[in-house]
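# Inside the fold
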There are 2 protein chains.
Amino acid sequence: MEFDVVSPPDESVRQAAEERHAQLTKPLGALGLLEELGTWIAACQGQCPPRPLQRPRVIVFAGDHGVAAKGVSAYPSEVTAQMVANFQSGGAAINVLAGIASATVRVVDMSVAVDTTAGDHKVRRSSGAIDTEDALTEDEVQAALAAGRAIADEEVDSGADLLVAGDMGIGNTTPAAVLVAALTGTEPVAVVGRGTGIDDNTWMRKTAAIRDALRRAKPVTADPVALLRTVAGADITAMAAFLAQAAVRRTPVVLDGVVSGAAALLAEELAPGARAWWVAGHRSTEPAHTLVLEQLDMTPLLELNMRLGEGSGATTAIPLLTMAVQVLTDMATFADAGVSGP
Amino acid sequence: MEFDVVSPPDESVRQAAEERHAQLTKPLGALGLLEELGTWIAACQGQCPPRPLQRPRVIVFAGDHGVAAKGVSAYPSEVTAQMVANFQSGGAAINVLAGIASATVRVVDMSVAVDTTAGDHKVRRSSGAIDTEDALTEDEVQAALAAGRAIADEEVDSGADLLVAGDMGIGNTTPAAVLVAALTGTEPVAVVGRGTGIDDNTWMRKTAAIRDALRRAKPVTADPVALLRTVAGADITAMAAFLAQAAVRRTPVVLDGVVSGAAALLAEELAPGARAWWVAGHRSTEPAHTLVLEQLDMTPLLELNMRLGEGSGATTAIPLLTMAVQVLTDMATFADAGVSGP
């Protein structure tokens with residue numbers, strides 16, 4: 001599968017937004033990163049002032065991971081499907097955070113180990129245990145890529161003007177860490193994190209699984225689709241395609257933590273230039289996430305020691321984007337307000 | 001003037017909120033600082049789960065400064081009154097940010113150089129030029145303290161459940177820097193910042209003014225009221241009293257940048273223990289603000305390179321507090337949602 005060429009946000013609109021910032025009743029630059037976020041959204045939309053954000057959307061990609069059976073997580077795999085139901089009934093953290101951020105949440109079951117009612121794009125149940133076998137077959141990786149692209153198209157066609165790709169899946173920080181290690185040339189011990197909160201014995205098992213999977217990933221590191229097939233899973237593969245297609249469709253994205261970040265590294269390989277359409281919502285406590293931010297050369301908006309996934313860190317940052325846009329649309333200019341300039 | 005004794009937020013409620021966090025459908029601690037913010041608000045309110053925030057209020061303390069005539073700012077003093085009108089008509093950055101944060105804005109003219117329609121608590125016009133004379137008389141400093149206390153009482157009595165003290169006043173980072181230097185034992189060059197965006201010549205004049213005012217402040221550093229009288233102004237004095245009284249009235253506060261921070265250092269002197277009722281909304285680019293955060297031993301929620309004042313940094317952080325509270329009130333427990341624990 002090929003993605004269309006990604007073109008960058010509109011540079012002339014970005015400049016117009018910068019010029020507008022200089023006319024608003026504040027010293028130029030005094031709102032710091034909020035000003036840069038506003039000019040970026042304007043450039044993404046291709047108009048200044050930008051349109052207020054009408055439909056921020058959080059898509060939670062749910063999937064189980066065969067490697068979880070190796071004892072790499074603090075929680076049992078059954079939690080993935082239980083949390084899908086929790087997202088659907090509105091009781092999870094992402095639902096609450098999205099409510100405050102005026103965003104809506106959609107959960108898609110890409111590869112949960114049991115069947116759920118969110119399976120319209122489902123590729124398979126769970127994934128191969130990546131320390132010993134491929135996560136997906138060639139057909140499955142292609143299906144997951146097509147699903148991620150289709151989900152982005154559905155959302156953009158339904159009016160989404162800001163996207164978050166969240167994750168849910170017991171064991172999913174293990175494939176994410178492997179992908180980050182493979183693409184940044186990092187040793188296993190430097191990417192392994194505490195995930196949902198693992199103890200020292202689980203940490204050792206997780207590190208061993210990452211080491212073994214990384215050995216399997218090495219020969220295919222230069223081929224993003226083969227890498228996804230070998231050590232990702234349908235959820236992360238779909239996220240990567242979703243992030244790539246969001247850029248193709250000129251729709252801004254707030255990246256979340258390490259799973260979203262691993263998918264982003266792959267998306268940039270699948271659709272070079274896609275990263276210009278993304279901003280990093282936060283820095284997770286997962287060590288591999290900092291490697292992602294360095295590789296993408298991104299400064300996160302928030303550093304709140306979050307490590308939940310679900311899109312929670314990105315969604316917590318959405319009000320900053322809403323504010324950044326409204327500053328450009330709603331503030332008085334020096335001329336409007338009769339305020340003297342410097 | 002004396003403040004009533006400040007007692008800390010309710011420790012038993014804080015513990016109850018921590019226990020509640022362990023029951024919600026997420027790994028304990030996975031929401032990082034959002035969890036700590038939620039337990040803090042619960043402890044401030046004395047109940048768990050906490051009440052949703054109903055009336056966050058931003059009070060902008062406006063005042064001019066005699067030292068501005070020495071050429072320490074990029075903008076003329078007339079801008080202070082013009083911005084008061086801009087706040088009242090809703091065109092300033094703080095109005096826009098507060099709108100997104102579901103907060104309302106009140107501007108109080110403590111000492112603007114001309115008369116405005118926000119002068120119910122006005123103490124005087126402008127202040128003495130602090131490099132050569134006292135900012136206020138003894139009567140004026142007492143009036144400003146009483147006004148700040150009264151404003152906090154008015155707001156709490158009107159139902160405010162989260163407070164921000166913002167600032168507006170051309171030249172006001174000069175007295176703020178002097179106060180911070182005096183209370184932290186810092187040299188003038190280490191506290192002087194670019195304020196609204198000053199050039200090198202203005203920076204030299206500002207540094208000289210801070211040096212001269214600091215020399216005048218030294219003999220009274222141990223006496224907070226005398227220090228405010230000598231080198232603050234009615235606006236910063238009222239802010240200090242407001243922050244102290246908010247703590248007396250057990251109402252949580254989000255601190256803003258360097259002016260709010262300087263007032264906070266004084267408030268902690270006026271009402272020891274008040275800082276337990278405050279959280280640092282952001283880290284401003286003003287160098288003196290980092291000294292404030294160190295002195296108060298606070299980690300700011302946001303680091304967005306903001307330097308506007310008006311309460312803008314604090315208000316940008318309000319959605320984080322809203323989210324923190326709603327997580328405790330709205331999320332499902334493991335038992336409710338039928339989700340397996342670790």
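Residues take numbers from 1 onward in each chain, read along the sequence in its written order. To label them, take the chains in the order written and letter them from A, then take the ligands in the order written and number them from 1. Only residues with pLDDT of at least 70 are given local features in this predicted model, and only at 80 or more are side-chain atom pairs given and counted; all residues enter the totals for whole chains, interfaces and linings. Only hydrogens and water are set aside when side-chain values are computed; all heavy atoms of the structure are taken into account.

### Quick notes on the interface of chain B and chain A
Rules: Contacts: residue pairs with any heavy atoms within 4.5 Å of one another. Buried area counts how much accessible surface, traced with a 1.4 Å probe, disappears from two parts once they are put together, with both parts' losses summed. Each reported salt bridge corresponds to a side-chain nitrogen of Lys or Arg within 4 Å of a carboxyl oxygen of Asp or Glu.
Counting from both sides, the interface comprises 53 residues of chain B and, opposite them, 53 residues of chain A. Between chain B and chain A the total buried area reaches about 4200 Å² when both faces are included, carbon and sulfur atoms providing 71% of it. Among the residues of chain B in contact with chain A, Tyr 75, Leu 304 and Met 323 of chain B are the three that bury the most area, contributing 14% of the side total. Here chain B is connected to chain A by zero salt bridges.

### Notes on the state of the cysteines
All names here are of chain A. Where we set the bar: Pairs of cysteine sulfur atoms within 2.5 Å are what we label disulfides. Only protein chains enter the accessibility calculation, which uses a 1.4 Å probe. A residue is then buried if its area is under 20% of the maximum for its type, exposed if over 50%, and partly exposed in between.
Under the definition given, this model contains zero disulfides over all chains. Free of any disulfide, Cys 44 has its nearest neighbouring cysteine sulfur in Cys 48, separated by 13 Å. Since its relative accessible area comes to 3%, Cys 44 is described here as buried.

### A closer look at the side chain of Arg 106 of chain A
Residues and elements named next belong to chain A. Selection rule: A helix here means a DSSP run of H or I that spans at least four residues, while a strand means a run of E at least two residues long, and both kinds are numbered starting from the N terminus. Side-chain atoms alone can form a polar contact between residues adjacent in sequence; in general such a contact is a pair of N or O atoms within 3.5 Å, and within protein one must be able to donate a hydrogen while the other accepts it.
By the secondary structure assignment, Arg 106 is in strand 2 (residues 104-111). A polar contact is formed between the side chain of Arg 106 and the side chain of Glu 154, at a distance of 2.7 Å. A distance of 2.6 Å separates the side chain of Arg 106 from the side chain of Glu 155, its partner in a polar contact.

### As for the relation of the copies chain B and chain A
Let me state the cut-off plainly: Here the copies were fitted onto each other by least squares, based on C-alpha atoms from residues at pLDDT of at least 70 in both.
Rotating chain B by 180 degrees and moving it 0.0 Å along the rotation axis overlays it on chain A with an RMSD of 0.0 Å. The symmetry that links the two subunits is that of a two-fold axis.

### Here's the deal with the UniProt feature "active site" (unreviewed entry) in chain A
All names here are of chain A. Where we set the bar: UniProt positions are given in the numbering used here, feature names are shortened, and annotations may be inferred rather than shown by experiment.
When the UniProt feature table is mapped onto this chain, "active site" (unreviewed entry) is found at Glu 310. Of note, Glu 310 is situated in the loop between helix 12 (287-296) and helix 13 (312-330). Residue contacts for Glu 310: discarding those within four places in its chain leaves Val 58, Val 60, Met 83, Phe 87, Ala 92, Ala 93, Ile 94, Gly 166, Asp 167 and Asp 256. Side-chain polar atoms of Glu 310 contact the backbone nitrogen of Ile 94, separated by 3.2 Å.

### Focus: unusual backbone geometry
Each neighbour pair has its own omega, and for Cys 48 of chain A with Pro 49 of chain A the value is -5 degrees, a cis peptide bond. Position of Pro 49 of chain A among the secondary structure elements: in the loop between helix 2 (33-45) and strand 1 (56-63). Phi at Glu 310 of chain B takes a positive value of approximately 70 degrees, unusual for a residue other than glycine. What makes Glu 310 of chain B buried here is its relative accessible area of 1%.

### With respect to the packing of aromatic side chains
Basically, it comes down to this: Planes of paired rings set the category: under 30 degrees apart is stacked, over 60 is edge-to-face and the rest tilted, where pairs are Phe, Tyr or Trp rings (Trp by its six-membered ring) whose centres lie within 6.5 Å. For a lysine, the NZ atom is tested; for an arginine, the CZ atom; a charge sits over a ring if that atom is within 6 Å of the ring centre and within 35 degrees of the ring normal.
Using the criterion set out here, one finds two aromatic pairs over all chains in the structure. For the ring pair Phe 61 of chain B and Phe 242 of chain B, a centre distance of 5.3 Å and an interplane angle of 65 degrees mean the geometry is edge-to-face. You can see Phe 61 of chain B sitting in strand 1 (residues 56-63) and its partner Phe 242 of chain B sitting in helix 10 (residues 234-248), a full 181 residues away along the chain. For Phe 61 of chain B, a relative accessible area of 0% puts it in the buried group. Overall, Phe 242 of chain B belongs to the buried group, its relative accessible area being 0%. The ring centre of Phe 3 of chain A lies 5.9 Å from the NZ or CZ of Arg 149 of chain A, which sits over that ring.

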